[in-house]
Amino acid sequence: MFDITAVGELLIDFTPAGSNEAGNALFARNPGGAPANVLAAAGRLGCRTAFIGKVGADGFGRFLKATLEQNQICTENLVFSSQVHTTLAFVQLDAHGDRSFAFYRNPGADILLKPEEVKPELLRNTGVLHFGSVSLTDEPSRSATLYAVKTAKEAGAVISYDPNYRAPLWKSEQEAKEQMGAALPLADLVKLSEEEMEMLTGEQDLLTGARRIQALGVTLVLVTLGPKGAFYLLGDAFGTLPTYDVKTVDTNGAGDTFFGAVLFRLKGKALQEIRALPVSELEEIVSFANAAGSMATVKSGAIPAMPTLEEVERCRQTVPLLQANF
Ligand code: ATP
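Here the structure is a predicted model, which is why all the values come from computation and not from measurement.

Asks: How should the sheet that holds strand 3 (residues 25–32) be read in this particular structure?
Replies: Note on sheets: strands pair through backbone hydrogen bonds, and any given pair is parallel or antiparallel. Ordered in space as 3-2-6-7, the four strands form an open sheet in which the pairing is mixed. With partners counted over all chains shown, the strands left at the sheet margins are strand 3 and strand 7 (99–104), one partner each. Neighbouring strand axes in the sheet, compared pairwise and without regard to direction, differ in orientation by 30° on average. Summarising the sheet, strand 2 (residues 11–19) and strand 6 (residues 88–93) pair through three bridges and their orientation is parallel. The partner of Ile-12 across the bridge, within strand 6, is Leu-88. Here helix 2 (residues 59–70) sits on the sheet in contact with strand 2, strand 3 and strand 6, set at roughly 50° to strand 3.

The following block contains the structure:
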């Protein structure tokens, strides 16, 4: 039995890494893909995890499999394509330090995961099934993801969803809104950023937007707010909790670490128990996840920066809350 199984993209993020003697830019090979990041974060804290996805039968695919295994993520349902290469993404920074992505995915192996390649035994043996929206951009991975969600839900798993928006992967913003929005009613737990909430609900106000998502049948809505912490809505209870005042160097993976920490704290809980969580316990969980998210920003890279349980507890005991004046 796994605590969390995630389905979705697994790819290489090439991030800027200085330049060579000739002045040409260098890029570093980093494991990427939000669903696997969530597993790595929850696994570091103490969850048993498994990944479902597809990579190319190439050096990058083998590197990604090794990375999952180093993080104790079960790779029994990681499929290798002999036809198509592992998906690559190049991250570039503009003059203001803002990130943009160029994807090499025409197609990449992640999109080619088929429903019949997803092992139903895995989906019937997991407490949580987690998915995102990058595997919803194209077929057949969209059908494979939705098959995994449906099968796990029928078997009683709690469904968690992170609608991550990556503009270059969609034909249009309208298509992204439709497909990302269509998956919301399938989920029990949803975590998104303020921008994604506004995009999907048309609301700027946190509570109004979160209530729209709740009205679709979502039990717990979480909105991550970077240095402003995180907002939660469960039943009639809602609030914003501050994060911790750490020395941030790289925020990559903070959102995935936050969600992985929430899933760790909800480990073993059935949906009815989550619905009935006392506000004090829920706030304790969100605050724990804020600490985990903040700790993920003090080192570079996503997976290498994810904290252990001891590091999160130490952060909560020793680091002051970030009293943001926003
Ligand atoms: P991504 O998708 O890039 O991983 P996200 O937009 O979903 O991220 P953020 O809101 O950036 O997620 O970060 C998640 C959590 O990490 C926040 O709710 C907060 O607790 C913590 N965090 C993020 N940035 C900072 C920061 N600068 N200082 C302290 N904590 C932070």
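Let's pick the thread back up.
Asks: Help me understand the packing of helix 6 (residues 194–201) against helix 7 (residues 206–214), please; the structure alone is not making it clear to me.
Replies: In a pair of packed helices, the angle between the axes and the distance between the axes together describe the arrangement. Remark: helix 6 packs on helix 7, axes separated minimally by 10 Å, with the N-to-C direction vectors making an angle of 60°. Taken together, the axis directions place helix 6 and helix 7 in an arrangement best described as oblique. Two packed elements cross with a definite hand, and for helix 6 against helix 7 that hand is left-handed. From helix 6, Glu-194, Met-197 and Thr-201 reach across to helix 7, where they touch Leu-206, Gly-209, Ala-210, Arg-212 and Ile-213.

Asks: Would you mind going over the UniProt feature "domain: Carbohydrate kinase PfkB" (unreviewed entry) in the protein with me for this structure?
Replies: Per the UniProt record, "domain: Carbohydrate kinase PfkB" (unreviewed entry) is found at residues 3–308. Secondary structure within residues 3–308 divides into 34% helix and 27% strand; the distance between the first and last C-alpha atoms comes to 17 Å.

Asks: Teacher, can you tell me more about the pattern of salt bridges here?
Replies: This model, assessed by the stated rule, comprises 13 salt bridges. Taking the shortest distance from any N to any O, the salt bridge between Glu-117 and Lys-54 comes out at 3.1 Å. Of the two residues, Glu-117 is situated in the loop between strand 7 and helix 3 (120–123) and Lys-54 in strand 4 (residues 49–56); the sequence distance between them amounts to 63 residues. Glu-69 serves as the salt-bridge partner of Lys-65, at 3.1 Å between the closest nitrogen and oxygen. With Lys-65 and Glu-69 both in helix 2 and four residues apart, the pair spans about one turn of that helix. The exposure class of Lys-65 is partly exposed, given its relative accessible area of 27%. We classify Glu-69 as partly exposed; its relative accessible area is 39%. Through salt bridges with shared partners, one network takes in Arg-105, Asp-110 and Asp-138.

Asks: Explain the nonpolar core to me, please; I cannot follow it from the model alone.
Replies: Side chains of nonpolar character tend, in soluble globular proteins, to be buried together. Counting 55 residues, the largest nonpolar core has Leu-10, Phe-51, Leu-189, Leu-222, Val-262, Leu-266 and Val-286 as the members making the most contacts within it. Setting aside anything within four residues of it in sequence, one finds Val-286 in contact with Leu-222, Ala-230, Tyr-232, Leu-241 and Phe-258. Residues Val-79, Ala-144, Met-180 and Ile-213 belong to the second largest nonpolar core, which totals 45 residues.

Asks: Quick question: what am I supposed to make of unusual backbone geometry here?
Replies: Leaving glycine out, the prevailing phi sign among residues is negative, and the prevailing peptide bond configuration is trans. Backbone torsion omega between Asn-106 and Pro-107 reads -5°, so that peptide bond is classified as cis. Here Pro-107 shows up in the loop between strand 7 and helix 3. The omega torsion across Glu-139 and Pro-140 is 5°, close enough to zero to call that bond cis. Within the element layout of this structure, Pro-140 appears in the loop between strand 8 (126–132) and helix 4 (141–154).

Cut-offs and rules
Throughout, residues of each chain are indexed from 1 in the direction in which the sequence is written. A pLDDT threshold of at least 70 governs which residues receive local features in this predicted model, and a stricter bar of 80 or more applies before side-chain atom pairs are shown or counted, although totals over entire chains, interfaces and linings include all residues. Water and hydrogen atoms play no part in the side-chain values, which are based on all heavy atoms of the structure. Two strands make a pair as long as DSSP finds a minimum of two bridges between them. What counts as a helix is a DSSP run of H or I of at least four residues, what counts as a strand is a run of E of at least two, and both are numbered from the N terminus. Orientation is described by lines fitted to C-alpha atoms, with helices fitted over the stretch in contact, and by angles between N-to-C directions that extend from 0 to 180 degrees. Two residues qualify as a contact provided that any one of their heavy atoms is within 4.5 Å of a heavy atom in the partner residue. An angle below 35 degrees is treated as roughly parallel, one above 145 as roughly antiparallel, one from 65 to 115 as roughly perpendicular, and anything else as oblique. Left-handed describes a crossing whose near helix is turned anticlockwise from the far helix by less than a right angle; the clockwise case is right-handed. UniProt positions are given in the numbering used here, feature names are shortened, and annotations may be inferred rather than shown by experiment. By definition, a salt bridge exists where a carboxyl oxygen of Asp or Glu is found within 4 Å of a side-chain nitrogen of Lys or Arg. Exposure is judged per residue with a 1.4 Å probe applied to protein chains only, and the accessible area is read against the type maximum: over 50% gives exposed, under 20% gives buried, and values in between give partly exposed. Put simply, buried Ala, Val, Leu, Ile, Met, Phe, Trp, Tyr and Cys residues joined by side-chain atoms within 4.5 Å make one nonpolar core.

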